[in-house]
Amino acid sequence: MEQLSNSNNNANKYLVNLVLDLPLDREFTYSCETQLTLGQRVLVEFINKQVVGFVWRSITELELDCSIDKIKPVINIYPEVIPSDVLQLIKFTAKYYHYPIGQVFFTAVPSLLRKPIFIHLDTEKYIKLIRRDHEVFKKRMGLKQQELYSKLQDSILSYTQIKEILGITYKKLIEKWLSIGVIGYCEGNISTLIPKISNKLPLNTEQCDVVNQISQNLAKFSPAVLYGITGSGKTEVYLELIENVILLGKQVLVLVPEINLTPQLLDRFKRRFNNMPMHILTSNVSEKERVTGYIEASLHTKQIIIGTRMAVFTPFKNLGLIIVDEEHDSSFKQNEGLRYNARDLAVYRANYFNIPIILGSATPSLETLYNYKLKRYALYKLTGRAVAGAVLPEIKLLDLNTIPANNGLTDNVVKAIQSRFINKELSLIYINRRGYAPVISCYECGWVSSCKNCSSNMVYHNKEARLKCHHCGLSYKLPSVCPKCGSKYIQAIGQGTQKIEETLAQIFPEARVLRIDQDTTNSKLAWDNLYAKVHNNEVDILIGTQMLTKGHDFHNLTLVVGLNLDSGLYSYDFRATEFLFTQLMQVSGRAGRGLKKGEVLLQTHYPRHELYQYLIKHDFAGFANFLLKERKGLTLPPYTFYVLIRASSNSLDTTMAFLTQVHELLIKNSDNSTIIYHPVASVMQRLKNKERGQILLSNNKRKELHDYLAMVLPLIEKLKHKSDILWHVDIDPTDM
Ligand code: ADP
Ligand code: ZN
Ligand code: ZN
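Residues numbered from 1 in each chain as written. Chains lettered and ligands numbered in written order. Predicted model: local features only at pLDDT ≥ 70, side-chain atom pairs only at ≥ 80, totals over all residues. Heavy atoms only, no water.

### Structural notes on the overall build of the protein chain
Looking only at helices and strands, the protein chain features 20 helices and 33 strands. Relative to its length of 736 residues, the protein chain is compact, with a C-alpha radius of gyration of 29 Å against a globular reference of 27 Å. Principal axes of the C-alpha set define a box for the protein chain whose edges measure 95 × 80 × 55 Å. Expressed as a percentage of its 736 residues, the buried residues of the protein chain come to 53%. Here the contacts in the protein chain between residues at least 6 apart in sequence split such that 75% fall between residues at least 24 apart. Carbon and sulfur atoms provide 51% of the accessible area of the protein chain, an area that totals close to 34300 Å². In the protein chain, the 88 positive side-chain charges and the 71 negative ones have mean positions that sit 2 Å from each other. (Helix = DSSP H or I, 4+ residues; strand = E, 2+ residues; numbered from the N terminus. Rg over C-alpha atoms; globule rule 2.2 N^0.38 Å. Buried < 20%, exposed > 50% of the residue type's maximum accessible area, 1.4 Å probe, protein only. Contact = heavy atoms within 4.5 Å. Areas by Shrake-Rupley, 256 points an atom, 1.4 Å probe, with all protein chains shown as cover. Lys, Arg positive; Asp, Glu negative; His and termini not counted. Charge placed at Lys NZ, Arg CZ, Asp CG, Glu CD.)

Pasting the structure below:
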């Protein structure tokens, strides 16, 4: 054998299996003359196209099922290598979410790395002071130079930070100082950088206790829930823990819902750790910035990484702590493509690095609370508001069965807003429905403005006088007469943010009314501008959707009004009450964060519903226990695990025929443990012109459920079906 391979001119070829960006759960073999590292980015040819691949594993000739001569060579080797911590995460993700490995890989890495191009990176350079004596300077330094010099006395500075001090001519000065030997480059990892901490608040007793207890477990996997009421100072606790971890020379990952990643929050981080290299990852950062931060995190030239769900895939050289802020937030779950939950993957990563993870919230999810009940997670509480003298607002219910409402507003609400307006305080009107009216209807024939592509109504937007579908984007001009019978008596029914804005502007012609919803904030700049207006006290009445419920600290806000809430009480989705309660706790928590006591007024037709009864007592724990008991009784998650197989096509018959086929196959191969429900049409049956249906699977043993899926999914793959059928699996679905 040995001789054979010697005489073979393939002897110097290494074989590797690559992953490619394809919806196939397999690897692709290529050859290379040099040995490649696992995770290495390469260029190869695939069906006459040059594409990027990543080295997944190396194989031997014995594993080939064809001659080695048939194996195509790698065309180019790029310098980037995906580090092993991320490779492990990708492997786990593909297995847990039953998703093709190549597509997990290509979802997880920054988009620039997916393209067949060489990437030139401007990775950050760092400067340190070498000579501390003034002798070298021949002339007196200018003011800005003095500032730089004094900052360098106690910290290393990045090029970006130096540029911030000196302006665009910074490179010239750096060159000069380098040449006279005052400063030098700081090579490689910056874990020895001592944080220069500023803007620190003395913690209160509760905060101190929590920090001390969590700090005792920094060297091992220790998941902890930080359950602190709104305004209790959770962020301050995070900052303190982050400081402790940085002092150990380690990195920190902070995951935040998109709408919480406010300039306010980032400011707090930046001011607190003003010399720490930080990477902020939102959907706004450029491809280049994203890949730069990614590589720098893997080299440990970035110390703190703050980002939305995709940040969970960041590589780390030396991760020491993960924080998931507002862990209950639904935006941690991705609902297309790779349907992963970043919070759950974060727990996996903490386990992998053997480090603590903190799941913080004023309203932890039932899944997380259940993990605490099972003693898998520790629980720490913050029970009082952090600002001395600040108290929780009083929550009052306004019974719409007995109190009349005009244009959606009761007299009580109008009076409450008026008294705030007189006192120059801010009111917030929460209504989770954008647009003017949720539907237009004909008075004579009953026609309603439904969308032709979706099972939903077209929403009337009065500024443009158009009807819009919020699901598929279809939009057309408001007809002047009923499209069905020609009557001119067509009317807007119900209220959205625009209608309430109009009504309030009529009642309070002098007040400055501001509406914040998706329609007014579609650019980041617009959002920042509106936000600045509120903070500069240029607003008296703020109207908004759930965009306003979280993350904001409006000091002058003393009244919160909740409108149109009841639809969440009796919904087909078993999570709807949990969601509504959380929203209301959060939005109520915006009131009275300063020294003025807040008031919350909620208009409802069901004031006796348990949800409202717990809410007026601010009893989150009570309601959570009530819901957990209910879920247990009905064997719903978190007492069992769910998987949905969803399908869609151009006709409901096709969709249901396919799902019936799938159902038969599932039953035939049943593991006698997983419960297989009958195929049903989805509640939102028609969406973007597709007819949708689903099959629910459940099992209270997660492993059995996953083993069963691993067995049956390949069989479903092989089913013959009409070409317009699309289907996918959703593990631990959050929307039914
Ligand atoms: P949470 O994240 O729990 O909503 P924050 O950390 O944002 O709470 O704190 C709420 C408010 O209380 C902020 O204005 C913050 O500056 C203030 N705060 C937090 N901790 C303290 C403290 N120890 N002393 C004084 N003020 C504090
Ligand atoms: Zn009509
Ligand atoms: Zn539509």
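### Section: the coordination of the zinc ion (ligand 2)
Binding of the zinc ion (ligand 2) to the protein goes through Cys442 (SG), Cys445 (SG), Cys482 (SG) and Cys485 (SG), at separations of 2.3 to 2.4 Å. Each of the four donor atoms around the zinc ion (ligand 2) contributes to a set of angles spanning 108 to 112 degrees, which defines the coordination as tetrahedral. Each donor residue of the zinc ion (ligand 2) lies on the same chain, and together they follow the pattern C-x2-C-x36-C-x2-C. Placement of the pair is cysteine 442 in strand 20 (residues 439-442) and cysteine 482 in the loop between strand 23 (475-477) and strand 24 (490-493), with a sequence separation of 40 residues. The exposure class of cysteine 442 is buried, given its relative accessible area of 4%. (Donors = N, O, S within 2.8 Å, 3.2 Å for Na, K, Ca; no water. Tetrahedral: all angles 85-135°; square planar, octahedral: opposite > 155°, others 65-115°.)

### Remarks on the sheet that holds strand 11 (residues 278-281)
By definition, the strands of a sheet pair up through backbone hydrogen bonds, in either a parallel or an antiparallel sense. If you walk across this open sheet you meet the seven strands as 11-12-10-13-14-9-15, and the pairing is parallel. Each end of this open sheet is capped by a strand with a single partner; those strands are strand 11 and strand 15 (378-382). Going across the sheet, the axis of each strand differs from the next one's by a mean of 15 degrees, ignoring polarity. Summarising the sheet, strand 13 (residues 319-325) and strand 14 (residues 356-361) pair through four bridges and their orientation is parallel. In the sheet register, valine 324 faces strand 14, and the bridge partner there is leucine 359. Of the strands in this sheet, strand 10 (251-255), strand 13 and strand 14 are in contact with helix 11 (residues 342-353), which crosses strand 13 at around 160 degrees. (Pairing = 2+ DSSP bridges. Axes fitted to C-alpha atoms, helices over the stretch in contact; angles between N-to-C directions.)

### Notes on the domain arrangement of the protein chain
When its domains are assigned, the protein chain resolves into domain 1 (14-114), domain 2 (126-192), domain 3 (205-382), domain 4 (394-437 + 494-631) and domain 5 (641-731). On a C-alpha basis, the centroid separation for the pair domain 2 and domain 4 is 51 Å. (Domains from an automatic or database assignment.)

### Here we look at the environment of glycine 167
Residue position: glycine 167 is located in the loop between helix 5 (159-166) and helix 6 (170-179). By relative accessible area, which is 26% here, glycine 167 ends up partly exposed. Sequence separation between glycine 167 and lysine 144 is 23 residues, and the spatial gap between their C-alpha atoms is 9.4 Å.

### Considerations on helix 13 (residues 411-422)
Residues separated by three or four positions in an α-helix point in the same direction, a consequence of the helix having 3.6 residues per turn. The terminal C-alpha atoms of helix 13, which comprises twelve residues, lie 16 Å apart, in line with the 16 Å expected from a rise of 1.5 Å per residue. Burial in helix 13 covers these residues: Val413, Val414, Ala416, Ile417 and Arg420. Projected down its long axis, helix 13 shows its buried positions confined to an angular sector of 165 degrees, all on one face. Exposed and oriented more than 90 degrees from the buried face of helix 13 are Asp411, Lys415 and Ile422. Just past helix 13, the residue lysine 424 takes up positive phi, approximately 60 degrees. (Expected span 1.5 Å × (residues − 1). Arc of directions from axis to C-beta.)

### Observations concerning the site of ligand 1
Pro202, Gln207, Lys234, Thr235 and Arg268 are the nearest of the 17 residues found near ligand 1. A distance of 2.8 Å is found between a nitrogen atom of ligand 1 and a side-chain nitrogen or oxygen belonging to glutamine 207. Arginine 268 has a polar side-chain atom sitting 2.8 Å from an oxygen atom of ligand 1. Notes on ligand 1: free accessible area 560 Å², of which the protein chains cover 81%. In terms of residues, the shell around ligand 1 owes the most to one element, helix 8 (residues 234-247), which gives three residues. Residue classes in the shell around ligand 1 are distributed as six nonpolar, six polar and five charged. (Near = heavy atom within 4 Å. Polar contact = N/O pair within 3.5 Å; in protein donor to acceptor, adjacent residues only side chain to side chain. Nonpolar A, V, L, I, M, F, W, Y, C, P; charged D, E, K, R; others polar.)

### Some points on the coordination of the zinc ion (ligand 3)
For the zinc ion (ligand 3), the full set of protein donor atoms is Cys451 (SG), Cys454 (SG), Cys469 (SG) and Cys472 (SG), at a range of 2.2 to 2.4 Å. Angles of 103 to 114 degrees at the metal separate the four donor atoms of the zinc ion (ligand 3), which places the site in the tetrahedral class. Along the chain, the residues that donate to the zinc ion (ligand 3) are spaced as C-x2-C-x14-C-x2-C.

### Quick notes on the pairing of strand 11
Note that strand 11 and strand 12 (residues 304-307) share four bridges and pair parallel. Across the sheet, the residue bridging to leucine 281 is glycine 307, located in strand 12. Following the chain from strand 11 across helix 10 (residues 287-299) to the adjacent parallel strand 12, one finds a crossover that is right-handed. (Right-handed = clockwise from strand over helix to strand, strands pointing away.)

### A short note on the pattern of salt bridges
Per the stated rule, a full pass over the model turns up 33 salt bridges. Here arginine 57 and glutamate 63 are joined by a salt bridge, their closest N and O atoms 3.4 Å apart. Between arginine 646 and aspartate 735 there is a salt bridge, and its shortest N-O distance comes to 3.6 Å. Linking arginine 646 in strand 29 (residues 641-649) with aspartate 735 in the segment after strand 33 (726-731), this pair joins segments that are 89 residues apart in sequence. Judged by its relative accessible area of 35%, aspartate 735 falls in the partly exposed class. Salt bridges here are not isolated pairs; linked through shared partners, they connect Lys200, Glu236, Glu240, Glu243, Arg268 and Arg272. (Salt bridge = Lys/Arg side-chain N within 4 Å of Asp/Glu carboxyl O.)

### Here's the deal with the nonpolar core
Phe105, Leu542, Leu584, Leu666 and Leu697 are the most contacted members of the largest nonpolar core, which totals 113 residues. If we skip the residues at most four places from it in the chain, leucine 584 touches Tyr430, Leu565, Leu602, Leu611, Tyr612 and Leu615. Residues Phe269, Met278, Ile306 and Leu321 belong to the second largest nonpolar core, which totals 31 residues. (Core = buried A, V, L, I, M, F, W, Y, C linked by side-chain atoms within 4.5 Å.)

### Points about the side chain of asparagine 17
Considering the arrangement of structural elements, one finds asparagine 17 in strand 1 (residues 14-19). With residues near it in sequence (within four places) discarded, asparagine 17 still touches Glu27, Phe28, Thr29, Phe54, Val55, Trp56, Arg57 and Ile59.

### Digging into the pairing of strand 6 (residues 126-129)
Examined bridge by bridge, strand 6 and strand 7 (residues 157-158) share two bridges and lie antiparallel to one another. Considered in strand 7, the bridge of tyrosine 126 is made with serine 158. Summarising the sheet, strand 6 and strand 8 (residues 183-185) pair through three bridges and their orientation is antiparallel. Residue pairing in the sheet places leucine 129 in a bridge with isoleucine 183 of strand 8.

### A short note on the packing of aromatic side chains
According to the stated counting rule, one finds 25 aromatic pairs in the structure shown. What links up through ring pairs into an aromatic cluster is the set Tyr227, Phe581, Tyr614, Phe620, Phe623 and Phe626. Directly above the ring of tyrosine 78 sits arginine 41, whose terminal nitrogen or CZ lies 3.9 Å from the centroid. The ring of tyrosine 614 has lysine 617 sitting right over it, with the charged end atom 5.4 Å from the ring centre. (Phe/Tyr/Trp six-rings, centres within 6.5 Å; stacked < 30°, edge-to-face > 60°. Lys NZ or Arg CZ within 6 Å of the ring centre and 35° of its normal.)

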